[in-house]
Amino acid sequence: KKELETIKFAFENLEFETGKDIIRKSSYPSLNALGDLLKKKSNYGLRIEGHTDNVGSDEKNLILSQKRADAVKTYLSKRGVDAKVLETYGYGETKPVDTNETPQGRQKNRRVEMNITFH
């Protein structure tokens, strides 16, 4: 349960600079906690999936989503997490969780999802 809370905390607090793959400093504490968890649990890995809204071209959104997922991987690996247990995927705007017709929906679609994997 505690592990799931740590992942949820990191997911809910992960923010990037607008239109960039730069993680905001306000996200560091939650990512640090996630990194500590992954270092303690050697059989845990992490699947990191980047998503965007539909503003901009499909190609740019796909690239941005991958870069954001990669940025999380880079951050965690610099904190001592083995990069081999971190998988990244960029989906661009192909998997929305809400409408892209409203600002609130687009905000929900701009996300990086993280799920524990076991190896």
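Criteria and cut-off values
Residues numbered from 1 in each chain as written. Predicted model: local features only at pLDDT ≥ 70, side-chain atom pairs only at ≥ 80, totals over all residues. Heavy atoms only, no water. 1 Å grid on protein atoms, 1.4 Å probe; cavity = no way out; pocket = protein on both sides within 12 Å on 5 of 7 lines; lining within 4 Å. Points joined across faces, edges and corners; volume = space filled by probe spheres on them. Helix = DSSP H or I, 4+ residues; strand = E, 2+ residues; numbered from the N terminus. Nonpolar A, V, L, I, M, F, W, Y, C, P; charged D, E, K, R; others polar. Pairing = 2+ DSSP bridges. Axes fitted to C-alpha atoms, helices over the stretch in contact; angles between N-to-C directions. Contact = heavy atoms within 4.5 Å. Salt bridge = Lys/Arg side-chain N within 4 Å of Asp/Glu carboxyl O. Buried < 20%, exposed > 50% of the residue type's maximum accessible area, 1.4 Å probe, protein only.

Let's talk about the layout of surface pockets
Argument step 1. Taken as a whole, the largest pocket holds about 570 Å³ of empty space.
Argument step 2. What lines the largest pocket is a set of 19 residues, among which L14, E15, Q107, R110 and R111 lie closest to the centre.
Argument step 3. For the lining of the largest pocket, the element with the highest residue contribution is helix α3 (residues 58–78), accounting for 3 residues.
Argument step 4. Classifying every residue of the lining of the largest pocket gives 6 nonpolar, 5 polar and 8 charged.

Digging into the sheet that holds strand β3 (residues 111–118)
Argument step 1. Pairing in this open sheet of 3 strands is mixed, and the strands run β2-β1-β3 from one edge to the other. Looking along the sheet, the strands with just one partner apiece sit at the ends: β2 (86–90) and β3. Within the sheet, the average angular offset between the axes of one strand and its neighbour, ignoring direction, is 20°.
Argument step 2. Relative to β3, strand β1 (residues 44–51) is paired through 8 bridges, and the arrangement is antiparallel. Of the residues in β3, the one forming a bridge with L46 is I116.
Argument step 3. Each of β1 and β3 is contacted by helix α1 (residues 2–13), which is oriented at about 155° to β3, the strand it contacts most.

Side note on the pattern of salt bridges
Argument step 1. Per the counting criterion, the structure on display carries 10 salt bridges.
Argument step 2. One salt bridge connects E17 with R24, and the closest N-O pair in it is separated by 3.8 Å.
Argument step 3. According to the relative accessible area criterion, E17 is partly exposed, its value standing at 33%.
Argument step 4. Linking D98 and K108 is a salt bridge whose minimum nitrogen-to-oxygen distance equals 3.5 Å. Remark: K108 occurs in helix α4 (residues 103–109) and D98 occurs in the loop between β2 and α4; sequence separation between them is 10 residues.
Argument step 5. We classify D98 as partly exposed; its relative accessible area is 30%.
Argument step 6. A network of salt bridges, in which partner residues are shared, links E15, E17 and R24.

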